[in-house]
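Chain and residue survey
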Amino acid sequence: MDRETGRPGTGLRTDPRTPSARVSHPPRPRLPQGVAGAPPPPAARRPRRRGLRLSAAVGVGLLLAGGGIVAVDRLGQDRAATPLTPAGRALAAAEAGRPAALADLEALIGERRQRVRREPADRGSWAVLGAALAERAARSGAPGAYTEAERALQRSLAQGGTPDVRALTGLAVLAAARQDWAGAVRWGEAARDRAPGRAAAYRVLLEAYTGTGDAKGADRALERLRKVRPGPVAEVAAAWVHRERGWREDAEATVYDAAARAATPAERAAALSRAGDLAWERGEAETALARYEGALRAEPEHDGAAAGRARALAGLGRSEEALTAWARARAAAPRPGYAVESGELLLALGRSGEAADHFALARHQAAALARDGVRQEQVLGRLEADHGDPAEAVRLMSDEHRRHPGPAASGALGWALHKAGRSAEALPRLRAAVKDGPNTAQPAYHLGMAHLALGERGAARRQLTRALRLAPEFSPLHAERARRELAALGEPAWGPPPA
């Protein structure tokens, strides 16, 4: 029995949440022909029927994994739009439940801006414009974009009459992008009730229910999404659900199937980027790099793939290339978390002055996003815990955990408590993150360091070893610290206990 988690077994490649734990991972499914040049994968297994348990950190992750949502259909006046134009392609993508290419999305925004200038009382065009702006805000992370989207969507509702479902869905997408999960539930349910057959509402509701801790609601949203719009977008979302449950085989088989069935470059980029994430978390940096580069070939502006490529390059020891890749990710989307990660790479390289500049940039970006209504507690809590004021990190993450309880918030709060010198208080929260969250390296590392601070050498050794076996280069800064601490701990004593 493992004392830290209360679960049987301590094999570090073992997933204790599966009925038949194995010491080593099974062979990874391969990508199909036509997707990064690999042969076909095995068929995805039917997911086991269990209650959905997702961390709030997934949050906008699944929403963005699908490349975002253009919450519009070709309704009414939109039927005249032709898929042969960029704006028409964006509308057609939405009608099919697929992500739109960023260039097409920009064309749609430009076309609808012109239309509402000519017809300022056109409720439908305001809804289409606002929904497209909301997707762009979620995908670009640019300060100011969120407020612009909200104004257009509210302008649609202000015209009176029955609310346009596209405006309702756009407001749900916008709330999810701001990590306002209660608002995303409210608007998403309104959109679902208005048009039960539209996939976009279920995609955002999956995010929103997860954020509010409603596991059953999230499970229903995923099931309904797969019914109303089966295909790669739903399967990418399902793969991340499997990942959060610790079902690595199911997650990989599902996401590779999504990549094989992708009908557009944006769909392929979403699937390949998620495939890269899964490979990275499994400690397969070379494979992850290939998947991320495939995603960027399909959609060069995909910031998630650009960030993943930077992590993989750093894990392979290609530090200068990684710093260049981080710059590309920050240019695609100025998310403060990217500046924190690139700063940590610089810190690991001994370039502390440059690292401080990146941490300052992260704080500046977080403040700008907060003024636009985007919650930043998670990234600021991490930054303060590791590179600032741990007491402030405890305050931030305590508030976040009250709003969005779940494994991610529990683990972040536990880490902040540990860094603030309160390791005994941290331990239950860090255990919960390991037990209930995805089977990844960082929660195990955090738990191991808390055990170490409390003088619990055996427990610390087990968790630090587990973290490094899951992903030997999970962080350019913390993986090296884990190796140093393990070396200092030495091998366990196998003899009989002292009398």
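Okay, so let's go over this structure. Along each chain, residues carry numbers from 1 onward, in the same order as the chain's sequence is written. Residues qualify for local features only when their pLDDT is at least 70, as the model is predicted, and side-chain atom pairs are given and counted only at 80 or more; totals for whole chains, interfaces and linings, by contrast, use all residues. Neither water nor hydrogens contribute to the side-chain values; these are computed over all heavy atoms in the structure.

1. So, the packing of helix α12 (residues 265-281) against helix α13 (residues 285-298)
Axis lines are fitted through C-alpha atoms, for helices just across the contact stretch, and the angle between N-to-C directions can take any value from 0 to 180 degrees. Strands are runs of DSSP state E lasting at least two residues, helices are runs of H or I lasting at least four, and both sets are numbered from the N terminus onward. Axis separation between α12 and α13 bottoms out at 8 Å; the angle between their running directions is 165 degrees. Between α12 and α13, the crossing angle belongs to the class labelled roughly antiparallel. The two elements α12 and α13 cross, and the hand of that crossing is left-handed. Residue-level contacts link P265, R268, A269, L272, S273, A275, G276, D277, A279 and W280 of α12 to A285, T287, A288, R291, Y292, G294, A295 and A298 of α13. The residue inventory of the contact of α12 with α13, partitioned by class, reads 11 nonpolar, 4 polar and 3 charged. Here the angle decides the label: under 35 degrees means roughly parallel, over 145 means roughly antiparallel, 65 to 115 means roughly perpendicular, and every other value means oblique. Each crossing gets its hand from how the near helix is turned against the far one by less than a right angle, where anticlockwise is left-handed and clockwise is right-handed. Note on contacts: a residue pair qualifies if any of its non-hydrogen atoms lie within 4.5 Å across the two residues. Note that Gly is not counted as nonpolar here; it falls among the polar residues with everything else outside the nonpolar set of Ala, Val, Leu, Ile, Met, Phe, Trp, Tyr, Cys and Pro and the charged set of Asp, Glu, Lys and Arg.

2. Describing the environment of S140
By secondary structure assignment, the location of S140 is in helix α4 (residues 123-140). What makes S140 buried here is its relative accessible area of 16%. For the pair formed by S140 and H302, sequence separation is 162 residues and the distance between their alpha carbons is 9.3 Å. In contact with S140, not counting residues within four places along its chain, are A332, A333, P334 and R335. Only protein chains enter the calculation, and the probe is 1.4 Å; a residue is then buried if its accessible area is under 20% of its type maximum, exposed if over 50%, and partly exposed in between.

3. A short note on the packing of helix α7 (residues 181-194) against helix α8 (residues 199-212)
Where α7 meets α8, the closest approach of the two axes is 8 Å, and the angle between their N-to-C directions is 150 degrees. Crossing hand, α7 versus α8: left-handed. Along the contact surface, α7 presents W181, A182, A184, V185, G188, E189, A191 and R192, while α8 presents A201, Y202, V204, L205, E207, A208, Y209, G211 and T212.

4. Quick notes on the pattern of salt bridges
The salt bridge criterion pairs a side-chain nitrogen of Lys or Arg with a carboxyl oxygen of Asp or Glu, the two atoms within 4 Å. Under the criterion given, the structure shown has 37 salt bridges. Between R115 and E111 there is a salt bridge; the shortest N-O distance is 3.0 Å. A residue pair is termed a helical-turn pair when its members lie 3 or 4 positions apart in one helix, as R115 and E111 do in helix α3 (residues 102-118) at 4 residues. For R481, the salt bridge identified is with E485, shortest N-O distance 2.9 Å. With R481 and E485 both in helix α24 (residues 478-489) and 4 residues apart, this pair spans about one turn of that helix.

5. Quick look at the nonpolar core
Residues grouped as a nonpolar core are buried Ala, Val, Leu, Ile, Met, Phe, Trp, Tyr and Cys residues, joined through side-chain atoms within 4.5 Å. Ranked by size, the top nonpolar core spans 52 residues in total, and within it L108, L129 and Y146 carry the most contacts. Here this core takes 9 residues from α4, the largest share from any one element. Sequence-distant contacts of L129, that is, excluding residues within four places in its chain, are made with I109, R112, R113, V116 and A152. Counting 36 residues, the second-largest nonpolar core is a separate cluster that includes A269, A306, A310 and A355.

6. Quick notes on unusual backbone geometry
A negative phi angle characterises most non-glycine residues, just as the trans form characterises most peptide bonds. Even without glycine at this site, Q179 takes up a positive phi of about 60 degrees. When you line up the elements, Q179 lands in the loop between α6 (165-177) and α7. Since its relative accessible area comes to 22%, Q179 is described here as partly exposed.

7. Structural notes on the side chain of S125
Residue placement: S125 occurs in helix α4. Distance and chemistry together define a polar contact, namely a pair of N or O atoms within 3.5 Å, with one atom able to donate a hydrogen and the other to accept it when in protein, and with adjacent residues in sequence counting only for side-chain atoms on both sides. Within the structure, the side chain of S125 is placed 2.8 Å from the side chain of D122, a separation counted as a polar contact.

8. Overview of the packing of aromatic side chains
Centre-to-centre distance and the angle between the planes together describe a pair of aromatic rings. Working definition: rings of Phe, Tyr and Trp (its six-membered ring) pair if their centres are within 6.5 Å, and the pair is stacked with planes under 30 degrees apart, edge-to-face with planes over 60 apart, and tilted otherwise. Inspection of the entire model under this criterion finds 3 aromatic pairs. Judged by centre distance (5.8 Å) and plane angle (45 degrees), the ring pair of W415 and Y445 falls under tilted. Of this pair, W415 sits in helix α20 (residues 407-419) while Y445 sits in helix α22 (residues 441-453), and the two are 30 residues apart along the sequence. Classification of Y445 by relative accessible area gives buried; the value is 1%. Members of the aromatic cluster, joined through ring pairs, are W415, Y445 and F474.

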